[in-house]
Amino acid sequence: MLKDITLGQYFPGNSPIHKMDARVKLVLTVAFIVMLFMADNMWGLLVGIIYSIFTFAVSRIPVSMLGKSLKPIVPIVIFTALLNILFVRTGDVLFEWSFLKITYEGVDTAIFMVVRIICLIIGSSLLTYTTSPIDLTDAIERLLSPLKKIHVPVHELAMIMTIALRFIPTLIEETDKIMNAQKARGSELDTGTLMQKVKGMLPIFIPLFVSSFRRAEELATAMECRCYHGGEGRTRMKQLKTSYRDLIGCVVTALFIAAVVAVNILVK
């Protein structure tokens, strides 16, 4: 069910990662993504997998949440794997029939890309699982604050990004309610030809768009009623502060990045 998707949700906790500075977590998430793209072989990618498992264990996020965060990307993963298997034609041939040709390198590349995508989703999901929307907004604004010198609306950009992320679970829940309502009225959303299924989605998308615009208008009205005028003169009840946990996180991440670099040099 769509309501089982946990993308963009925040799960309160008391783990060391929950207590880390949101700015440091953002930087470490970017460093983790760089680490994954630096890995040019499976051994380097294995270091990224170990890092993902280690951080999830420290965060004390239930394993079931990990599966739910990966659910939305299953079609993308399958599509990516098929593209690599069918269109990478170099290396030893494993199977060949007519125009269809599957090679060892194609399978190896498909596995490599699938694992990389899964690790990327795990890393980004961990950021939202352990960081509240308010802290995430403050962190983005603080990190982008140098752009204020060239008159970039940093606070507004950070607010837009965080609101968009926050409303992903809300829209998923709304979609699930609309689908159940349409099924109760006799709509058959999972049967028929491809065109019939596409037409069957119209009674879902139209109410969803109407509901999204209504929520956006209500949110804008609520912010205006509270005299919201952007970041000008705005104060914060909770100040972001770094601690020894952030230093430990930076050191651990740096060690894993160094391990990926070492593996790239040694394994060629």
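Structure: see above.
Since we're looking at a predicted model, the values are computed, not measured.

**Student:** Help me get a handle on unusual backbone geometry, residues and values and all.
**Tutor:** Unusually for a residue other than glycine, Arg60 sits at a positive phi of about 60°. When you line up the elements, Arg60 lands in the loop between helix 2 (42-59) and helix 3 (63-70). Judged by its relative accessible area of 59%, Arg60 is exposed. Here His151, not a glycine, exhibits a phi torsion of approximately 65°, which is positive. Assignment of secondary structure puts His151 in the loop between helix 6 (133-143) and helix 7 (154-184). Overall, His151 belongs to the exposed group, its relative accessible area being 74%.

**Student:** Please give an account of helix 2 that cites residues and values.
**Tutor:** Taking 1.5 Å per residue, 18 residues should reach 26 Å; helix 2 reaches 25 Å between its end C-alpha atoms and fits that length. Considered for burial, the residues of helix 2 that qualify are Gly44, Leu45, Val47, Gly48, Tyr51, Ser52, Thr55, Phe56 and Ser59. Take helix 2 and look down its axis: the buried residues cluster within an arc of 165°, on one side only. Exposed residues lying more than 90 degrees from the buried face of helix 2 are Trp43, Ile53 and Ala57.

**Student:** Quick one: what's the story with the side chain of Asn41, residue by residue and with numbers?
**Tutor:** By secondary structure assignment, the location of Asn41 is in the loop between helix 1 (22-38) and helix 2. Note on Asn41: relative accessible area 12%, which makes it buried. In this structure the side chain of Asn41 is engaged in a polar contact, spanning 2.8 Å, whose partner is the backbone nitrogen of Gly44. If we ignore the near neighbours within four places in the chain, the residues touching Asn41 are Phe112, Val263, Asn264 and Val267.

**Student:** I'd like to hear about the pairing of strand 1 (residues 93-97), residue by residue, with values.
**Tutor:** Counting buried positions along strand 1 yields zero of five residues, so the element is predominantly exposed. Relative to strand 2 (residues 100-103), strand 1 runs antiparallel, the two sharing four bridges. Note on strand 2: the bridge partner recorded for Glu96 is Lys101. The antiparallel hairpin formed by strand 1 and strand 2 contains two residues in its connecting segment, where Ser98 sits at a positive phi of about 55°.

**Student:** Summarise the pattern of salt bridges; cite the residues concerned and give the values.
**Tutor:** Scanning the model with the defined rule gives three salt bridges in all. Here Asp21 ties to Arg23 by a salt bridge, and the two come within 2.6 Å at their closest N and O atoms. You can call Asp21 buried: its relative accessible area is 2%.

**Student:** Run through the packing of helix 1 against helix 2, naming residues and quoting values.
**Tutor:** Packing of helix 1 against helix 2 leaves a shortest axis separation of 8 Å and a crossing angle of 150°. Judged on the interaxial angle alone, helix 2 and helix 1 are roughly antiparallel. Seen from above, helix 1 lies across helix 2 with left-handed handedness. On helix 2, the residues that touch Phe32, Met35 and Leu36 of helix 1 are Leu45, Gly48, Tyr51 and Ser52.

Conventions adopted
Residues numbered from 1 in each chain as written. Predicted model: local features only at pLDDT ≥ 70, side-chain atom pairs only at ≥ 80, totals over all residues. Heavy atoms only, no water. Helix = DSSP H or I, 4+ residues; strand = E, 2+ residues; numbered from the N terminus. Buried < 20%, exposed > 50% of the residue type's maximum accessible area, 1.4 Å probe, protein only. Expected span 1.5 Å × (residues − 1). Arc of directions from axis to C-beta. Polar contact = N/O pair within 3.5 Å; in protein donor to acceptor, adjacent residues only side chain to side chain. Contact = heavy atoms within 4.5 Å. Pairing = 2+ DSSP bridges. Salt bridge = Lys/Arg side-chain N within 4 Å of Asp/Glu carboxyl O. Axes fitted to C-alpha atoms, helices over the stretch in contact; angles between N-to-C directions. Parallel < 35°, antiparallel > 145°, perpendicular 65-115°, else oblique. Left-handed = near helix turned anticlockwise from the far one by under 90°.

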